[in-house]
Amino acid sequence: MVEDGKERLVGSDELDFFYVSGQNTKKLTINPEYVSKMLFRCKAEYYEGTVPTSPTDTAAEAETKFRRRYPKSLYIKVNVRTGETVLATTSTIKAEAIVGTKTGVIGNPEQFFHIRWYRNTLTSGSTDMQIGRGVALSVDRATLGLGVSERPRLIAKAEEHDPYMALTDKEGNILTDENGNILVGF
């Protein structure tokens, strides 16, 4: 892989969380949860006898750029579980965010997105107010600050989260658990 213009062997660093398998083979497998964009350079050359420790300057090479993107057909749909509309008599509002693309629904959207819930009213000039997080929403109507005759409009927004990476303290030291395993998050 190429980082800051310098080559290094994939999987040679304990922080290569993205690396799954394939070093010194024809196929490299990576986990996209740990990558937003990256450049991979593959070098190969013919040799006889002992396998060289690294390719020479005359080795054939090819580059592949990886960038995590979601299709333009990405959508988020609000499924209100307390009926088609939220009435003044509804005491608890329950809803679910369904995230998908033209090829189907994404099974565990929180693996890739932060999902935030907002409420707005049908009143002119009303602004969005955040009321929850996650795929499922359950909120008491009384906590929404709505008048008796106001009906809320529920809005779910999905924002791509950053790739997972090693967690560090303020000084940049990598955090580990009691067994020495590196802690990861986004």
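Scroll up to find the structure this text is about.
Predicted model, so just to flag it, every value in this text is computed and none were measured. (Residues numbered from 1 in each chain as written. Predicted model: local features only at pLDDT ≥ 70, side-chain atom pairs only at ≥ 80, totals over all residues. Heavy atoms only, no water.)

## Let's talk about the side chain of Arg-119
Then comes step 1: As for its position among the elements, Arg-119 is in strand β10 (residues 113-121).
Then comes step 2: If we skip the residues at most four places from it in the chain, Arg-119 touches Ser-126, Thr-127, Asp-128, Met-129, Ile-131, Leu-144, Gly-145, Leu-146, Pro-152 and Arg-153. (Helix = DSSP H or I, 4+ residues; strand = E, 2+ residues; numbered from the N terminus. Contact = heavy atoms within 4.5 Å.)

## Observations regarding the sheet that holds strand β11 (residues 129-133)
Then comes step 1: Spatially, three strands are ordered β11-β10-β13 in an open sheet, and the strand pairing comes out antiparallel. For this open sheet the edge positions go to β11 and β13 (152-160), each flanked by a neighbour on one side alone. Averaged over all pairs of adjacent strands, the angle between their axes in this sheet comes to 30°, without regard to strand direction. (Pairing = 2+ DSSP bridges. Axes fitted to C-alpha atoms, helices over the stretch in contact; angles between N-to-C directions.)

## Considering the nonpolar core
Then comes step 1: Residues Ile-115, Trp-117, Ile-131, Leu-137, Val-139, Leu-144 and Leu-154 are the most contacted members of the largest nonpolar core, which totals 16 residues.
Then comes step 2: Elements with a minimum of two residues in this core: β8 (92-101), β10, β12 (136-140) and β13.
Then comes step 3: With four residues, β8 is the single largest residue contributor to this core.
Then comes step 4: Not counting chain neighbours up to four residues away, the residues in contact with Ile-131 comprise Trp-117, Tyr-118, Arg-119, Leu-137, Val-139, Leu-144 and Leu-154.
Then comes step 5: Ranked by size, the runner-up nonpolar core spans seven residues in total, among them Val-10, Phe-18, Val-35 and Met-38. (Core = buried A, V, L, I, M, F, W, Y, C linked by side-chain atoms within 4.5 Å. Buried < 20%, exposed > 50% of the residue type's maximum accessible area, 1.4 Å probe, protein only.)

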